[in-house]
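A look at the structure
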Amino acid sequence: MTRAGWEVEAGDDGPVEDGKRALAYRADDGALALYNDYDRGRSILRTPKIPGTWSVRTAPAPGAHPLAAAAEVAGYGTFTFPYGPISAGVPEAGKFEVRTYGERVLGLVPVGGFKTRSVATSVLGLPVADAGLRVERMAGNLSASHVSAFLAAAESAEGRPVPTAELYVRALAQELQRLYNHVRQIARVAEAAAQNVGLAQVHALGEEILRLQGSVFGHRWMFGALLPGGPARRVDAADRDRLEHALGGIGAEFDVLWSLLLESRTFVDRLQSTAPLSKESAIASGAVGPTLRASGVGWDDRLRAPTPPYTDLFVSLPNETAGDALARILVRGAEIQASLVILEQLFDRWPTEESITEPAESPVGPGRGIARVEAPNGDLVYDVTVADGRVRRLQFRSPSAANWPAFAASMQDAVFTDFHFAFESFGLVFAETDG
Amino acid sequence: MFGWLGRSAARGILTTRYPDAPPTPSEAPVSAHAPEPRPAVPISPNAVAGCPVRAIAPDGVDQGRCIRCARCLAQGFEFSGPVALATAKRPDRPEGPGAILGGAAPLARLGRSIHVFLVDVGSCNACNLEVLSIAHPQYDASRLGIFFTNSPRHADVLLVVGVPTEAMVEPLRRAYDAIPAPKAVVATGACAIRGGVFEGTPGLRSGVDEIVPVDLYVPGCPPPPVAVLDALLRLIGRERTEAPT
Ligand code: SF4
Ligand code: SF4
């Protein structure tokens, strides 16, 4: 199977391609691994059947893998400090095992599996629309990306045509959610840096985006809005005018707050050279999204593996090279500005056919489909098999699953007080990793 | 610094007037309301069969199960009623469809100010973020004496989000035990009430009250920040008294 500029080689696991392995082992066998070869602009998807927990057991070290090293460090006075699953400052259930002899972090192992709702197995046998209700709840703050990737894979599996306007609605939802997530991530980092005034105003911007989503889609997190047979509410011309107007205000406000934040020495100094990730280690650990782009690798699915409507847009996306927490935040800030441009282009080119044809009642045909979406925190892949309109098999690789090893690598030799900056700068979500 | 202050002044007052005034449409979008059959429209078998979480029965809607998917809108339902707020009864069907709408008696059992400990036992993250947003300028929970704490030892309220996984049963019990009495537990969101869209998945508990006693349930998937505020205000006897519109 080939999809727009990237190769998908599906099948059981083959030999490890040294240094190119992005692994996400999961407790069920919904494991997907994506091998990204950035030199040749090529990705290979594999579906290894390796049991085990995704986080503790990561890649069996080609070379020195950061997690393997973390487990081995021993010596006088070193101990392992368990942090979680209910931990201060991490608003989700998850755990970290920190190997340390005091202040310095010798190694850190993220441990998941506390929030496993078995979404991928619980949807088996459900009609695509019902399965979508669970898939969007894989991670509520990333719902638009998850459900768009899931639907695209299911539609490609069945060979079902999708109206262009529907693709525009999905892109609209994804870009709005990217704005929300990046704004929130910036606020969280500001919070960790004790930027109290700025913090409140950036958070206020996040709430404005949620309200905008609520007023257009009827739901603050857009649940149910992108599904076949979803709410009757459609994005009409009046909605788009309202959106354009509101986004203009949000963009202007963000620009002011962003330049104020970057003028703040405490904010910038605290982030600079915190939790660094070199380009080599970003690639080797399989990092994706803003994390990868902050380390100097310009891979963004919207550019490198675009699907409509991104194929028709002019997208210019930012990169940074320093690889530290500041670079990851700079990438997010610039992506907010880029998303606002993308949204403008979407409104300018919005397809005129206002009537959206209802999906055909009878299933078109059974099959397997793969789709890839650039979620706010990185490259998201869904692999879905559909027969008789029902989901028969579902596997996915979430951006968080791909980024945990990079986070662990960046924390090596850090001090524990860096933890919150580092964690927030990666945009990791336990919910989508556990599934 | 002056830049920031100037910015605050330029933005003016963002904070909601809730609970002194009812929530505005922008604070409570469609999904903040409870679905109910349109007046004089009987609940059809199609509505019952079409609800993905079996929240609709011929005699009423189980608001605790409802995930606000809006599918029943095509089956004679509407979302036009009052905002769905917290209730002290698990909003299962025996109480009837109206039982949760502002009907619960105020508990007024904690002091004038409370500290809230948020525990996630298996959420999708949206509930966590909605709960945390009550601290943001538009809601500013601290003006009402509501604060978050990072330690159960300093907490009065255990606010639980998500569908309990086996792995979180013990941590949840321990968090509950660590909170000094008097304490209150708030189950927030369809998942915490009875499993939400994941109800019946092997390995998951059907609701937080299978593990710890619950004082208030907040329906919604996720409940909007005003509903979370309402629940916490009930605990200190400061909730909005007249039925919200
Ligand atoms: S909104 Fe959805 S979940 Fe709620 S009662 Fe209607 S159909 Fe059921
Ligand atoms: S109730 Fe809904 S929003 Fe809340 S955690 Fe469950 S699925 Fe997510």
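The model shown is predicted, which means the values in this text are computed figures rather than measured ones.

Some thoughts on the sheet that holds strand β7 (residues 95–100) of chain A
All names here are of chain A. With antiparallel pairing, three strands are arranged side by side in an open sheet as β6-β7-β8. Strands with a single pairing partner mark the edges of an open sheet, and in this sheet they are β6 (79–83) and β8 (105–111). Each strand of the sheet is rotated relative to its neighbour by a mean of 20 degrees, with strand direction disregarded. Sitting on the sheet, helix α13 (residues 399–411) is in contact with β7 and β8, with an inclination near 160 degrees to β8.

Focus on the packing of aromatic side chains
For any pair of aromatic rings, geometry is given as the distance between the ring centres together with the angle between the planes. This model, assessed by the stated rule, comprises 22 aromatic pairs over all chains. In textbook terms, an aromatic cluster arises when at least three aromatic residues are bridged by ring pairs, as seen for Y83, F96, W404, F407, F416, F419, F423, F426 and F430 of chain A. Its end group placed over the ring of Y176 of chain B, K183 of chain B keeps NZ or CZ at 4.0 Å from the ring centre.

Quick look at the domain arrangement of chain B
One widely used convention gives an interface's size as the accessible area the parts lose upon coming together. Residues and elements named next belong to chain B. Domain annotation of chain B identifies domain 1 (34–79) and domain 2 (97–235). A straight line from the C-alpha centre of domain 1 to that of domain 2 covers 25 Å. Facing 14 residues of domain 1, the contacting portion of domain 2 comprises twelve residues. Summed over both sides, the interface of domain 1 with domain 2 buries roughly 980 Å², with 61% coming from carbon and sulfur.

Quick look at helix α14 (residues 419–426) of chain A
Residue and element names in this part refer to chain A. In terms of residue burial, α14 counts as a mostly covered element, since seven of its eight residues are buried. Of the residues making up α14, those classed as buried are F419, F421, A422, F423, E424, S425 and F426. Positioned one or two residues after α14, G427 has a phi angle of 65 degrees, which is positive.

Describing the site of ligand 2
R137 and F223 of chain A together with S123, C124, A126, C127, G189, A190, C191, G220, C221 and P222 of chain B make up every residue found near ligand 2. What surrounds ligand 2 is not a single chain but chains A and B. Its residues placed into classes, the shell around ligand 2 shows eight nonpolar, three polar and one charged.

Side note on the pattern of salt bridges
Residue and element names in this part refer to chain A. This structure, assessed with the given rule, holds 31 salt bridges over all chains. Between R160 and E158 there is a salt bridge, with its nearest N and O atoms 3.2 Å apart. Each member of the pair, R160 together with E158, is buried. A salt bridge links R293 to E335; the shortest N-O distance between them is 2.6 Å. Residue R293 is located in helix α10 (residues 289–294), and its partner E335 is located in helix α12 (residues 325–349); the two are separated by 42 residues in the primary sequence. As far as the burial class goes, R293 and E335 line up, both buried. Shared partners join several salt bridges into a network, and the residues in it are E175, R178, R293, D300, R302, E335 and E374.

Focus on the confidence of the model for chain B
Residue and element names in this part refer to chain B. Averaged over every residue, the pLDDT of chain B is 86; residues scoring 70 or more account for 85%. The secondary structure element of chain B with the lowest average pLDDT is helix α1 (residues 2–11), at 65, and the one with the highest is helix α3 (residues 126–132), at 97. Confidence drops under pLDDT 50 across residues 93–106; counting only partners more than four residues distant or on other chains, this segment forms 33 contacts. For this predicted complex, the interface confidence comes out at an ipTM of 0.91, alongside a pTM of 0.90.

Overview of the interface of chain A and chain B
Taken together, the contacts link 52 residues of chain A with 50 residues of chain B. Surface buried jointly by chain A and chain B totals about 4300 Å² across both partners, of which 61% is contributed by carbon and sulfur atoms. Three residues, I86, R117 and R211 of chain A, lead the burial of chain A against chain B; their summed loss comes to 15% of the area buried on that side. Where chain A meets chain B, there are three salt bridges.

Considerations on helix α6 (residues 225–235) of chain B
In an α-helix, one turn spans 3.6 residues, which is why side chains three or four residues apart end up on the same side. All names here are of chain B. Of all eleven residues in α6, eleven are buried, a share of seventy percent or more. Listed as buried for α6 are P225, V226, A227, V228, L229, D230, A231, L232, L233, R234 and L235. Buried residues belonging to α6 abut β5 (114–120), α3, β6 (146–148), β7 (157–161), β8 (184–188) and β9 (216–218). G237 sits one or two residues past α6 and shows a positive phi near 70 degrees.

A closer look at the confidence of the model for chain A
All names here are of chain A. The predicted model of chain A averages 81 in pLDDT, with 78% of residues at 70 or higher. The element-level mean pLDDT for chain A is lowest in strand β1 (residues 2–3), coming to 35, with α12 highest at 96. Here residues 1–30 scores under 50 on pLDDT; set against residues more than four positions off or in separate chains, the count is 94 contacts.

Here's the deal with the nonpolar core
If you look at the biggest cluster of nonpolar residues, it comprises 103 residues, and the most contacted ones within it are F150, L172, F217, Y382 and L394 of chain A. Filtering out sequence-adjacent residues up to four positions away, L394 of chain A remains in contact with A120, V123, L124, V135, F150, Y382, D383 and V384 of chain A. Grouped together as the second largest cluster of nonpolar side chains are 33 residues, V83, A86, I114 and I134 of chain B included.

Some remarks on the sheet that holds strand β11 (residues 390–397) of chain A
Residues and elements named next belong to chain A. Pairing in this open sheet of three strands is antiparallel, and the strands run β9-β10-β11 from one edge to the other. Strand pairing shows two members of the sheet lacking a second neighbour, β9 (367–375) and β11, which therefore form its edges. Each adjacent strand pair in this sheet contributes to an overall mean axis angle of 20 degrees, direction not counted.

With respect to the pairing of β7 of chain A
All names here are of chain A. Both β6 and β7 contribute to a ladder of five bridges, which runs antiparallel. Across the sheet, the residue bridging to F81 is V98, located in β7. Pairing geometry for β7 and β8, over six bridges, is antiparallel. Considered in β8, the bridge of T100 is made with V105.

Criteria and cut-off values
Residues numbered from 1 in each chain as written. Chains lettered and ligands numbered in written order. Predicted model: local features only at pLDDT ≥ 70, side-chain atom pairs only at ≥ 80, totals over all residues. Heavy atoms only, no water. Pairing = 2+ DSSP bridges. Helix = DSSP H or I, 4+ residues; strand = E, 2+ residues; numbered from the N terminus. Axes fitted to C-alpha atoms, helices over the stretch in contact; angles between N-to-C directions. Contact = heavy atoms within 4.5 Å. Phe/Tyr/Trp six-rings, centres within 6.5 Å; stacked < 30°, edge-to-face > 60°. Lys NZ or Arg CZ within 6 Å of the ring centre and 35° of its normal. Domains from an automatic or database assignment. Buried area = accessible area lost by both parts, 1.4 Å probe. Buried < 20%, exposed > 50% of the residue type's maximum accessible area, 1.4 Å probe, protein only. Near = heavy atom within 4 Å. Nonpolar A, V, L, I, M, F, W, Y, C, P; charged D, E, K, R; others polar. Salt bridge = Lys/Arg side-chain N within 4 Å of Asp/Glu carboxyl O. pLDDT = per-residue confidence, 0-100. Core = buried A, V, L, I, M, F, W, Y, C linked by side-chain atoms within 4.5 Å.

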